[in-house]
Amino acid sequence: MFVLELTYTAPLAAVDAALQAHVAWLDEQYAKGVFLASGRKNPRDGGVIIAVAEDRARIEAITAGDPFVTAGVCAYRIVEFEATKTAPALKAYRETSD
């Protein structure tokens, strides 16, 4: 499982200009089962995504396609972790049973 932290590298006006394409890209990743949750950070200087994929290389390829990245308005920090405990609704994503 991965925590993807987006940090804006451009003014919010530039981020907002790419927002519609970014949201469409998010919707595609949700439809593929890659993203589990996402949202803006508070204060609004980026966002966070919880994702699942077979490996880090796949996540790196996915994030490289984010319209925010291609527009040059954000940078990603990717943190991989083993989900050894989850809420019952996320049991399918546990990497080790309890």
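Located above this text is the structure these notes cover.
Residues numbered from 1 in each chain as written. Predicted model: local features only at pLDDT ≥ 70, side-chain atom pairs only at ≥ 80, totals over all residues. Heavy atoms only, no water.

**Remarks on the packing of aromatic side chains**
Scanning the entire structure with this criterion turns up 3 aromatic pairs. With 5.3 Å between their ring centres and 70° between their planes, tryptophan 25 and phenylalanine 35 make a pair best called edge-to-face. With a gap of 10 residues between them, tryptophan 25 in helix H1 (residues 12-31) and phenylalanine 35 in strand E2 (residues 35-40) connect regions that are remote in the sequence. With respect to burial, tryptophan 25 and phenylalanine 35 carry one shared label: buried. Seen from their ring centres, tyrosine 30 and phenylalanine 35 are 6.0 Å apart, and the 85° between their planes marks the pair as edge-to-face. For tyrosine 30, a relative accessible area of 32% corresponds to the partly exposed category. (Phe/Tyr/Trp six-rings, centres within 6.5 Å; stacked < 30°, edge-to-face > 60°. Helix = DSSP H or I, 4+ residues; strand = E, 2+ residues; numbered from the N terminus. Buried < 20%, exposed > 50% of the residue type's maximum accessible area, 1.4 Å probe, protein only.)

**Describing the nonpolar core**
In terms of nonpolar packing, the biggest core is built from 19 residues, with Leu4, Phe35, Ile49, Ala51, Phe68 and Tyr76 touching the most fellow members. Excluding residues that lie within four positions of it along the chain, isoleucine 49 makes contacts with Phe2, Val3, Leu4, Leu6, Trp25, Leu26, Phe35, Ala37, Ser38 and Tyr76. (Core = buried A, V, L, I, M, F, W, Y, C linked by side-chain atoms within 4.5 Å. Contact = heavy atoms within 4.5 Å.)

**Observations regarding the pairing of strand E1 (residues 2-8)**
The side chains of a regular strand alternate, first on one face of the sheet and then on the other. Burial along E1 is one-sided: the face carrying Phe2, Leu4, Leu6 and Tyr8 is buried and the face carrying Val3, Glu5 and Thr7 is not. Here E1 pairs with strand E3 (residues 46-51) via 6 bridges, running antiparallel. Bridge assignment links phenylalanine 2 to a residue of E3, and that residue is alanine 51. Of the strand pairs in this sheet, E1 and strand E4 (residues 74-80) are connected by 7 bridges, and their pairing is antiparallel. Within the sheet, the bridge partner assigned to leucine 6 lies in E4 and is tyrosine 76. (Pairing = 2+ DSSP bridges.)

**With respect to the pairing of E3**
Bridging between E2 and E3 involves 5 bridges; their strand directions are antiparallel. For serine 38, the partnering residue across the bridge sits in E3 and is isoleucine 49. The turn joining E2 and E3, which pair antiparallel and follow one another in sequence, is formed by 5 residues.

**Focus on the sheet that holds E4**
Overall, antiparallel pairing links the 4 strands, which are arranged E2-E3-E1-E4 in an open sheet. Each having just a single partner strand, E2 and E4 make up the two edges of the open sheet. Each strand axis lies, on average, 15° off the axis of its neighbour in the sheet, ignoring direction. The sheet contacts of H1 involve E1, E2, E3 and E4, and relative to E2 the element is tilted by about 165°. Against the sheet, helix H2 (residues 56-64) contacts E1, E2, E3 and E4, and its axis sits at roughly 165° relative to E4. (Axes fitted to C-alpha atoms, helices over the stretch in contact; angles between N-to-C directions.)

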